[in-house]
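A closer look at the structure
For reference, the chains in residue letters:
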Amino acid sequence: MQESEKENEQQINVELSEEMAEGVYSNLAMIAHSSSEFILDFIRLMPGVPRAKVKARVILTPEHAKRLIAALKDNIDKYEDQYGPIQNSQDADHQFNFPISFGGPGGEA
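Residues numbered from 1 in each chain as written. Predicted model: local features only at pLDDT ≥ 70, side-chain atom pairs only at ≥ 80, totals over all residues. Heavy atoms only, no water.

**Overview of helix α3 (residues 62-83)**
- In this model, α3 (22 residues) spans 31 Å end to end at C-alpha, consistent with the 32 Å of a helix rising 1.5 Å per residue.
- Gly 84 sits one or two positions beyond α3 and adopts a positive phi of about 100°. (Helix = DSSP H or I, 4+ residues; strand = E, 2+ residues; numbered from the N terminus. Expected span 1.5 Å × (residues − 1).)

Right under this line is the structure:
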């Protein structure tokens, strides 16, 4: 890399708290958008629990949402190169049908 390119690079220091480093498990995501933002809600559905909880909400500009798609595609391609294709039930001509109860007992009022 040339010296002028090194000077133009910006280094970002990212702080990650211990609590945030633990992460949050999500098995469902819902996406909404307006003219100025995309809203990603990451949700956890649990077997036998009638209510799902939003565990994290991320709000992005449209430009950042498009960059996120590109970054996810790049990482999925790298993952599949290393571990093989990710199986997707939609690839087998199945409609997406998320099992709300996971086969557990249904909620009662």
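**Considerations on the layout of surface pockets**
- By volume, the largest pocket amounts to about 220 Å³.
- Lining the largest pocket we find Ala 29, Ile 31, Phe 38, Leu 40, Phe 42, Leu 60, Pro 62, Ala 65, Lys 66, Leu 68, Ile 69 and Leu 72.
- Every element with two or more residues in the lining of the largest pocket is listed here: β1 (28-33), β2 (38-44) and α3.
- No other element matches the six residues that α3 contributes to the lining of the largest pocket.
- Residues that form the lining of the largest pocket fall into these classes: eleven nonpolar, no polar and one charged. (1 Å grid on protein atoms, 1.4 Å probe; cavity = no way out; pocket = protein on both sides within 12 Å on 5 of 7 lines; lining within 4 Å. Points joined across faces, edges and corners; volume = space filled by probe spheres on them. Nonpolar A, V, L, I, M, F, W, Y, C, P; charged D, E, K, R; others polar.)

**Side note on the pattern of salt bridges**
- A complete count under the given rule lists three salt bridges for this structure.
- For Arg 57, the salt bridge identified is with Asp 41, shortest N-O distance 2.6 Å. Of the two residues, Arg 57 is situated in strand β3 (residues 53-60) and Asp 41 in strand β2; the sequence distance between them amounts to 16 residues.
- Looking at Arg 57, the relative accessible area reads 54%, which means it is exposed. (Salt bridge = Lys/Arg side-chain N within 4 Å of Asp/Glu carboxyl O. Buried < 20%, exposed > 50% of the residue type's maximum accessible area, 1.4 Å probe, protein only.)

**Here's the deal with the sheet that holds β1**
- Within the open sheet, the three strands sit side by side as β1-β2-β3. Their pairing is antiparallel. Of all the strands in the sheet, the pair left with one neighbour each is β1 and β3. Across the sheet, the axes of successive neighbouring strands diverge by a mean angle of 20°, strand direction being ignored.
- Where β1 meets β2, six bridges bridge the pair, whose relative direction is antiparallel. Pairing of Leu 28 across the sheet is with Ile 43, part of β2. (Pairing = 2+ DSSP bridges. Axes fitted to C-alpha atoms, helices over the stretch in contact; angles between N-to-C directions.)

**Description of the environment of Thr 61**
- Within the secondary structure layout, Thr 61 lies in the loop between β3 and α3.
- Its relative accessible area of 31% is what places Thr 61 among the partly exposed residues.
- C-alpha of Thr 61 to C-alpha of Ser 36: the two residues are 25 residues apart in sequence and 6.2 Å apart in space.
- Within the structure, Thr 61 has its side chain in polar contact with the side chain of His 64 (distance 2.8 Å). (Polar contact = N/O pair within 3.5 Å; in protein donor to acceptor, adjacent residues only side chain to side chain.)

**Structural notes on the pairing of β2**
- In this sheet, β3 lies alongside β2 in antiparallel orientation, the contact comprising seven bridges. If you follow Phe 38 over to β3, its bridge partner there is Leu 60.

**Thoughts on the confidence of the model for the protein chain**
- Counting all residues, the mean pLDDT for the protein chain is 83, and 73% of those residues have values of 70 or more.
- For the protein chain, helix α1 (residues 3-8) is the element with the lowest average pLDDT, namely 60, and α3 is the one with the highest, namely 98.
- Taken as a whole, residues 92-96 scores under 50 in pLDDT and shows two contacts with residues more than four places along the chain or in a different chain.
- Taken together, the stretch residues 104-109 has pLDDT below 50 and engages in three contacts with residues farther than four places along the chain or on a different chain. (pLDDT = per-residue confidence, 0-100. Contact = heavy atoms within 4.5 Å.)

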